[in-house]
Amino acid sequence: MLDALFSPQAVAVVGASTDPTKLGHMVLDNIIKYGYQGEVHPINPKADEILGRTCYATVKDVPGPVDLAVIVVPNKFVAGVMNDCGEKGVGAAIVITAGFREAGPEGREMEQAVIEIARKYDIRVVGPNCLGVIDTHSALNASFAARMPDEGKISFMSQSGALCTGILDWAALNGLGFSSFVSLGNKGDLNETDFLEVWRDDPNTSVVMAYLEGVVDGDAFMEAARRLTKVKPFICVKSGTTSAGSRAVSSHTGTLAGSDSAYDAAFKQAGILRARSVSELFAYSTALAYQPLPKGRRVAIITNAGGPGIMATDACEKGGLQLATLSQETVDYLYEVLPPAANHYNPIDVLGDALSDRYEQALEAALKDPGVDAIIFLLTPQAMTEIANTAKAIVRISKNHDKPVLACFMGGKDIAAGNKILGAGHIPFYDFPEDAADALRAMVQQQEWISTEHEEPVNMAADRERAAMALLAAQKAGRLKLNEMEARQIVAAYGLPLPQSQLAFSGDQAAQFAAEIGYPVVMKIISPDILHKSDMGGVVVGIKDEKEARQAYQDILLRARRYMPDADIWGVAVQEMVAKGKEIILGVTKDPTFGHMVMFGLGGIYVEVLKDVQFAIAPITPPQAREMITSLRSYPLLAGVRGEPPSDMEAMVECLLRVSQMVTDLPQIVELDINPLFVYEKGQGVMAVDARIVISE
Ligand code: ADP
Ligand code: MG
């Protein structure tokens, strides 16, 4: 797929220029000077020849076939050029020209016209408004970048052209090579998902990197990413915020979902390694591109100074890595070869006066130790430290073992020569121990991702008819915010346990229902206009007898009238007062890119302060549901502290799956809050005490 783009036989540069300061010249020059072997045709009606190549007036005038057109003409001519390309039978186009969607409504229209023509002729388009495309294997630099990267195994796409050039420069300095390099531009046709698919099948790509500001189609992206990440790591920097803020959010779940929660959740569920910065992107990619994945989390640290060793230890622990326990054999050997003052346990300290031999012995021993999965190798430059020799030794020794070695030579000027050797020898190197630990954690994450089987979401039984009816009734009445009465119908239809409830229209009726349900009861105002009931005194708990029930009925109505004189009041619900459990908030919000996102967290009145919640994109699988619960900071409270019995895990998981099923079946639900969901001890289940739903029109 996309051979016309990455390995074309013939390329036309439409808008090629004789003026060396013009993009149309630079692009042509890049294609020629970096050694592309296919045919190159400049297209320009006003020139006969540019850079020694015959120039044609239009693409159609080129004598042989053209696979790829690189378009650099002013925006208003691009549609015409695309038409020519179509008639010529061009397979792919890179539209470098800017002034399209990014420039306003007129540009957007022009872009649409261009893409329509391309679709008509089946031309795949990169851009518009991009830097271009580079493929090192075909020596094709169809861009106006100032450099050509070395050949390598990383494929990279970026939504920012400027970042592309910065990355190329950095890569040149650090010896990082690329396979393909794509500036996505406006993503008029080809977008991130297309390239995930191409690179999954590309034998020249072993790591995929991306800088994205947004994703065109969340579902397709997750699907493609999930398939890619099972075979190759995909590291992505996502910047910018989503448009979630554009809709007024009325639920707790909506408030708690930061603009980035959906991306975090989606990346996690698709096995994407999220880098927080461009420097992390590099940190991860150098390690993943050139080093084998660790089999486990056990790290050995080798150092010539105590401080950095401690820093690395801390960073490993913070990242969930473990300090390996060295085997007796390794320890004995280290006692033999290292001075008595050295540390013969992990972190192995070869001491400040170590020459490269001590380092070599320690590295060899650690790599051989079956209890070690990975090595972080630290060096600080002392007067006698053999920087270059040590670097060479790491390169040499690590080649004979199937364990990752990540180096951190701390310093600047003195250690630069060492880093150069490490880079050339494909040993990832970092400025600080924390960076090495972070990269190693990403490697472990990748290893764990590929070794876990991906489960499919399970289908949960539900009374779909009943739920649809309840939704329809509200929709017909033109109400988008469902009150507790209505929301209960839907929640019950999906099998979540609810307290008994009856809607009373008089004090007599309230007393009658309370007697039927059995005291004590809870009474609540039911009105589509009142969403936070207890804020206005609309909830009375612990009603013990008939007198109190009648009184509560009057009080609740009075307070509601005072609070909102023209509120549409349906009545007062009389509810079974259920035993208090741990308070959970279970919710759903809808993300513009990824759709429904389920939330789970410890609830109660402090939920918005503590913000201890987890998100996952629906539909979710049983292991994902379980992980949402166990990943909470306050999970120990649910697992049971200080002799407390553990909460009912199975029931919580089931609730999450049922809610996930609900929003998968009912896309018109845009927000759901079950707050609180009482969870009881193991075997005792849960109770959805309050529910609110917001639907779309
Ligand atoms: P609000 O609209 O203010 O969120 P809720 O229905 O959640 O109203 O009620 C407020 C609080 O009252 C709940 O957090 C819960 O602690 C308690 N509560 C409500 N209904 C019941 C019930 N049926 N049994 C026991 N406690 C209840
Ligand atoms: Mg509530």
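Residues numbered from 1 in each chain as written. Chains lettered and ligands numbered in written order. Predicted model: local features only at pLDDT ≥ 70, side-chain atom pairs only at ≥ 80, totals over all residues. Heavy atoms only, no water.

Engineer: Can you explain the coordination of the magnesium ion (ligand 2)? Please cite residues and give values.
Structural biologist: For the magnesium ion (ligand 2), the protein coordination sphere consists of Asn675 (O) and Asp690 (OD), at 2.2 Å. Separated by 15 residues along the polypeptide, Asn675 in strand β28 (residues 669-679) and Asp690 in the loop between β29 (686-688) and β30 (691-695) bring together distant segments of the chain. Both residues of the pair, Asn675 and Asp690, belong to the buried class. (Donors = N, O, S within 2.8 Å, 3.2 Å for Na, K, Ca; no water. Helix = DSSP H or I, 4+ residues; strand = E, 2+ residues; numbered from the N terminus. Buried < 20%, exposed > 50% of the residue type's maximum accessible area, 1.4 Å probe, protein only.)

Engineer: Lay out the pattern of salt bridges in plain terms, naming residues and giving numbers.
Structural biologist: Overall, the coordinates contain 33 salt bridges when judged by the stated rule. The partner of Lys22 in a salt bridge is Asp19, and the shortest N-O contact between them spans 3.8 Å. A relative accessible area of 27% places Asp19 in the partly exposed class. A salt bridge links Asp189 to Arg119, with the nearest nitrogen and oxygen atoms 2.9 Å apart. Linking Asp189 in the loop between β11 (178-183) and α6 (192-200) with Arg119 in helix α4 (residues 105-121), this pair joins segments that are 70 residues apart in sequence. (Salt bridge = Lys/Arg side-chain N within 4 Å of Asp/Glu carboxyl O.)

Engineer: Give me the domain arrangement of the protein chain: which residues, what numbers.
Structural biologist: The domain boundaries assigned to the protein chain delineate domain 1 (1-130), domain 2 (291-451), domain 3 (500-577) and domain 4 (582-695). Here domain 1 and domain 2 have C-alpha centroids that lie 49 Å from each other. (Domains from an automatic or database assignment.)

Engineer: So, the nonpolar core: which residues are in play, and what are the values?
Structural biologist: Taken as a class, soluble globular proteins show a tendency for nonpolar side chains to be buried jointly. If you look at the biggest cluster of nonpolar residues, it comprises 61 residues, and the most contacted ones within it are Leu5, Ile31, Ile94, Phe195 and Phe234. A domain split of this core shows at least three residues from each of domain 1 (1-130) and domain 4 (582-695). With sequence-adjacent residues up to four places away left out, Phe195 is seen in contact with Leu2, Leu5, Phe6, Val126, Met157, Val182, Leu184 and Leu190. (Core = buried A, V, L, I, M, F, W, Y, C linked by side-chain atoms within 4.5 Å. Contact = heavy atoms within 4.5 Å.)

Engineer: Got a sec to walk through the packing of α6 against helix α7 (residues 218-229)? Specific residues and values, please.
Structural biologist: Interaxial distance between α6 and α7 falls to 9 Å at its minimum, and their mutual angle equals 20°. Put simply, α6 runs roughly parallel to α7. With respect to the hand of their crossing, α6 and α7 are arranged in left-handed fashion. Taken together, the residues of α7 that come into contact with α6 (itself represented by Glu192, Thr193, Leu196, Glu197, Trp199 and Arg200) are Ala220, Phe221, Ala224, Ala225, Arg227 and Leu228. For the contact of α6 with α7, a count of residues per class yields 7 nonpolar, 1 polar and 4 charged. (Axes fitted to C-alpha atoms, helices over the stretch in contact; angles between N-to-C directions. Parallel < 35°, antiparallel > 145°, perpendicular 65-115°, else oblique. Left-handed = near helix turned anticlockwise from the far one by under 90°. Nonpolar A, V, L, I, M, F, W, Y, C, P; charged D, E, K, R; others polar.)

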